[in-house]
Amino acid sequence: MTAGITVDLADPVPPYEQIRRQLSSLITVGALQPGSRLPTVRSLAADLGIAAGTVARAYRELEQSGLIEARRRNGTVVVGPPHVPHGPAGADAAVMDAVDGLIASARVAGLNDETLLDLLRGRLRQTSKLDP
């Protein structure tokens, strides 16, 4: 399971947030389906070479956002991706298509993943300032 999860200790983003973001993305795009079991906190921490409390914090935040659920005997399980409460039917698919198009355009332009993410974060900050 850790094949998709990495932690860069040189990154200014805290390790728990790196884990939270990666798992959230995997759940949102459907790579982790509802009902999928996540590794135990200790197991993932050992695989990544970080403290168990770091993984526990990421899991706690994911649970608070409704993406995962800690179950006593079944471990931590993916509940599902967030749904768009006010969006029209198919809005999730349209957004995913747009994201796929953005990724394809970035690849053609020769942008790496970090640059693409930085551009997206910057635009999100700009547009949130414009919202009333």
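Residues numbered from 1 in each chain as written. Predicted model: local features only at pLDDT ≥ 70, side-chain atom pairs only at ≥ 80, totals over all residues. Heavy atoms only, no water.

A. Local environment of the overall build of the protein. Along the protein, the regular secondary structure elements total five helices and two strands. In the protein, the succession of α and β elements from N to C terminus is α-α-α-β-β-α-α. Taken across its 132 residues, the protein has 23% of its residues classed as buried. Considering only contacts in the protein between residues 6 or more positions apart, those separated by 24 or more positions represent 48%. Here the protein displays about 8,900 Å² of accessible surface, and carbon together with sulfur accounts for 56% of that area. (Helix = DSSP H or I, 4+ residues; strand = E, 2+ residues; numbered from the N terminus. Buried < 20%, exposed > 50% of the residue type's maximum accessible area, 1.4 Å probe, protein only. Contact = heavy atoms within 4.5 Å. Areas by Shrake-Rupley, 256 points an atom, 1.4 Å probe, with all protein chains shown as cover.)

B. View of the packing of aromatic side chains. The tally for this structure, following the rule as stated, stands at zero aromatic pairs. One Lys or Arg, arginine 57, reaches over the ring of tyrosine 16 and ends 3.7 Å from the middle of that ring. (Phe/Tyr/Trp six-rings, centres within 6.5 Å; stacked < 30°, edge-to-face > 60°. Lys NZ or Arg CZ within 6 Å of the ring centre and 35° of its normal.)

C. Main features of a nonpolar patch on the surface. There is a patch of nonpolar side chains on the surface, built from Val95, Val99 and Ile103 and spanning about 210 Å² of accessible area. Take valine 99: it is sitting in helix α4 (residues 91-109). Exposure remark for valine 99: the relative accessible area of 36% places this residue in the partly exposed category. (Patch = residues over 30% accessible without salt bridge, like charges linked within 9 Å, V, L, I, M, F, W, Y side chains within 5 Å. Salt bridge = Lys/Arg side-chain N within 4 Å of Asp/Glu carboxyl O.)

D. Quick peek at the side chain of threonine 76. Among the secondary structure elements, threonine 76 is positioned in strand β2 (residues 75-78). Using a relative accessible area of 14% as the deciding quantity, one classes threonine 76 as buried. Setting aside residues no more than four positions away along its own chain, threonine 76 makes contact with Ser36, Arg37, Leu38, Tyr59, Ile68, Glu69 and Ala70.

E. Local environment of the nonpolar core. Ile19, Leu23, Leu38, Val55, Tyr59 and Ile68 are the most contacted members of the largest nonpolar core, which totals 18 residues. Those elements giving two or more residues to this core turn out to be α1 (15-28), α2 (41-48) and α3 (52-64). If we skip the residues at most four places from it in the chain, isoleucine 19 touches Ile5, Val7, Leu44, Leu48, Ile50, Thr54, Val55 and Ala58. (Core = buried A, V, L, I, M, F, W, Y, C linked by side-chain atoms within 4.5 Å.)

F. Quick look at the environment of alanine 106. Looking at the element boundaries, alanine 106 is found in helix α4. With residues up to four places along the chain from it excluded, the contact list for alanine 106 reads Leu111 and Leu116.

G. Seen up close, the packing of α1 against α3. Look at α1 against α3: their axes get within 8 Å of each other, and the N-to-C directions meet at 45°. Regarding the angle of α1 to α3, the classification is oblique. As α1 packs across α3, the resulting crossing turns out to be right-handed. Seen from α1, the contacting residues are Pro15, Tyr16, Glu17, Ile19, Arg20, Leu23 and Ser24; seen from α3, they are Thr54, Val55, Arg57, Ala58, Tyr59, Glu61 and Leu62. A class-by-class count of the residues in the contact of α1 with α3 yields eight nonpolar, two polar and four charged. (Axes fitted to C-alpha atoms, helices over the stretch in contact; angles between N-to-C directions. Parallel < 35°, antiparallel > 145°, perpendicular 65-115°, else oblique. Left-handed = near helix turned anticlockwise from the far one by under 90°. Nonpolar A, V, L, I, M, F, W, Y, C, P; charged D, E, K, R; others polar.)

H. Quick look at the environment of serine 36. In this fold, serine 36 is placed in the loop between α1 and α2. Looking at serine 36, the relative accessible area reads 22%, which means it is partly exposed. When near neighbours in sequence (up to four residues on either side) are disregarded, serine 36 contacts Thr76, Val77 and Val78. A polar side-chain atom of serine 36 sits 2.8 Å from the main-chain carbonyl oxygen of glutamine 33. (Polar contact = N/O pair within 3.5 Å; in protein donor to acceptor, adjacent residues only side chain to side chain.)

In short, shape yes, function no, at least from these values alone.
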